[in-house]
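Residue-level listing of the chains:
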Amino acid sequence: MIHLNDIVVKFGDFTALHDINVHVKEGEFFTFLGPSGCGKTTTLRTITGFIEPVQGTVVVKDRDITHVPIENRNIGIVFQSYALFPTMTVHDNIAFGLKIKKMKKPEIEKKVKEIAKKVDLSDEQLQKAVSELSGGQQQRVAIARALVTEPAIICMDEPLSNLDAKLRVQLRNELKQMQKDFGITTIYVTHDQEEALTLSDRIAVFNKGYIEQIGTPNEIYNFSKTEFVCNFIGDINRLEAGIIDALNDKGASLDTTKHNYVRLERLHVNVEPTGKQISLKGIVESREYYGLYIKYYVRIGSQTIKVIEKNDGFCIYEEGQEVSVVFNPDDVMSYDTSGESV
């Protein structure tokens, strides 16, 4: 549905985007993920028309919209700040785009009420000024305003970043459900890995104006294509040469000249090795109790590694206790010096 072809964006002598190529399918929830300044918002603004590339094309449903004005792209936008009119009522904020389109009043009323119901805004809230609403309610208003004009695409630039942690979790679940209910193609920008993994059908991971990897949440997390993606997504252990040598002494065939990583949950404490699994002795240095799971810091030789174990309420290891940590060499992700997976 959306094709970004060889997009290059420059600001003076600075190249913000380098040959960006993305294909977003119809109805997909597609996330641009990366640290600040990596190019994800610039790519979003190129799709919406706020930025014009110096090279490449933006194609939507086989129509080249690279040079089409913002208002003619049929794309809904939810900004990080929501960009609502604080002195106007919720009703008038939602109706704003419809009035610009010069729709008749009865049709505007019908559409505003329909969309308000879908995003769980009451008739009473419709009559309030936006400034009277909570952050979560304002976010719903911003989404309703973006959706009421029935755009083909909705673009969201970090719409949950201004909310507290508990509300972010609640609203991202609602956001995903709304997207499924509407079936609308969604481009979502965030720096929050958990948010991206939870919400997305697919993710593009950005770094310094390049895309490092595009894939499903599982592909991005468990089969990280580059060392940057491996480190940016979730928590991970980089295995030093001493541990690699110890694993190789017990039958693994890992390359000590590569950068080797393993996810915390792929390791296990005090279980009997099976198949290719290898056990190494270590000492518990400390632990962090999270309820659902426990994170252990275990020293093996000269390195301390992190292990996550499901909390069964009974088997909890103490500081100073000797334990065995079980590795499967197949779970180790290896990268050459260029940062590419090998």
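Refer to the preceding data block for the structure.
Residues numbered from 1 in each chain as written. Predicted model: local features only at pLDDT ≥ 70, side-chain atom pairs only at ≥ 80, totals over all residues. Heavy atoms only, no water.

1. Considerations on the overall build of the chain
Right, on to step 1. Within the chain, the secondary structure is distributed over 10 helices and 18 strands.
Right, on to step 2. With respect to the principal axes defined by its C-alpha atoms, the chain has extents near 75 × 50 × 35 Å.
Right, on to step 3. Of all 342 residues assigned to the chain, the portion counted as buried reaches 48%.
Right, on to step 4. Put simply, 66% of the contacts in the chain that link residues at least 6 apart link residues at least 24 apart.
Right, on to step 5. Carbon and sulfur atoms make up 48% of the accessible area of the chain, which totals about 16700 Å².
Right, on to step 6. Taking the average place of the 40 positive charges on the side chains of the chain and the average place of its 48 negative ones, the gap between the two points comes to 6 Å. (Helix = DSSP H or I, 4+ residues; strand = E, 2+ residues; numbered from the N terminus. Buried < 20%, exposed > 50% of the residue type's maximum accessible area, 1.4 Å probe, protein only. Contact = heavy atoms within 4.5 Å. Areas by Shrake-Rupley, 256 points an atom, 1.4 Å probe, with all protein chains shown as cover. Lys, Arg positive; Asp, Glu negative; His and termini not counted. Charge placed at Lys NZ, Arg CZ, Asp CG, Glu CD.)

2. Considering the pairing of strand β8 (residues 185-190)
Right, on to step 1. Counted residue by residue, β8 has six buried out of six residues, so it is predominantly covered.
Right, on to step 2. Bridging between strand β3 (residues 29-33) and β8 involves five bridges; their strand directions are parallel. If you follow Leu33 over to β8, its bridge partner there is Thr190.
Right, on to step 3. In the sheet, strand β7 (residues 153-157) pairs with β8 via five bridges, with the strands oriented parallel. Looking across to β8, one finds that Ile153 is bridged to Thr185.
Right, on to step 4. Handedness of the crossover is the feature at issue here: the chain leaves β7, passes through helix α6 (residues 165-182), returns alongside β8, and the resulting connection is right-handed. (Pairing = 2+ DSSP bridges. Right-handed = clockwise from strand over helix to strand, strands pointing away.)

3. Some remarks on the side chain of Asn237
Right, on to step 1. Along the polypeptide, Asn237 turns up in strand β11 (residues 236-239).
Right, on to step 2. The exposure class assigned to Asn237 is buried, which follows from its relative accessible area of 3%.
Right, on to step 3. At 2.8 Å, the side chain of Asn237 forms a polar contact with the backbone oxygen of Lys306.
Right, on to step 4. Once you skip the residues sitting within four places of it in the chain, Asn237 turns out to touch Asn260, Tyr261, Val262, Leu264, Leu267, Ile305 and Lys306. (Polar contact = N/O pair within 3.5 Å; in protein donor to acceptor, adjacent residues only side chain to side chain.)

4. As for the nonpolar core
Right, on to step 1. Counting 34 residues, the largest nonpolar core has Val90, Ile94 and Ile143 as its most contacted members.
Right, on to step 2. Of all elements in the fold, only α2 (90-100), α3 (105-118), α5 (135-147), β7 and α6 reach the threshold of two or more residues within this core.
Right, on to step 3. No other element matches α5, which puts six residues into this core.
Right, on to step 4. By size, the runner-up hydrophobic cluster in this structure holds 27 residues, among which are Leu44, Ile47, Ile153 and Val189. (Core = buried A, V, L, I, M, F, W, Y, C linked by side-chain atoms within 4.5 Å.)

5. Some thoughts on the packing of aromatic side chains
Right, on to step 1. For the coordinates displayed, the defined rule picks out nine aromatic pairs.
Right, on to step 2. Between Tyr290 and Tyr293, the aromatic rings sit 4.8 Å apart at their centres with planes inclined by 20°, giving stacked as the arrangement.
Right, on to step 3. When its relative accessible area of 42% is taken as the criterion, Tyr290 is described as partly exposed.
Right, on to step 4. Classification of Tyr293 as partly exposed rests on a relative accessible area of 30%.
Right, on to step 5. It is Arg263 that lies over the ring of Tyr221; its NZ or CZ is 4.1 Å from the centre. (Phe/Tyr/Trp six-rings, centres within 6.5 Å; stacked < 30°, edge-to-face > 60°. Lys NZ or Arg CZ within 6 Å of the ring centre and 35° of its normal.)

6. Section: unusual backbone geometry
A negative phi holds for most residues other than glycine; trans holds for most peptide bonds.
Right, on to step 1. Backbone geometry at Asp62 places phi at a positive 65°, although glycine is not the residue there.
Right, on to step 2. With respect to the element layout, Asp62 can be found in the loop between β4 (55-60) and β5 (63-64).
Right, on to step 3. By relative accessible area, which is 77% here, Asp62 ends up exposed.
Right, on to step 4. Phi at Asn74 is positive, roughly 55°, even though this residue is not glycine.
Right, on to step 5. Within the secondary structure, Asn74 is located in the loop between β5 and β6 (75-78).
Right, on to step 6. Under the relative-accessibility criterion, Asn74 is labelled partly exposed at 36%.

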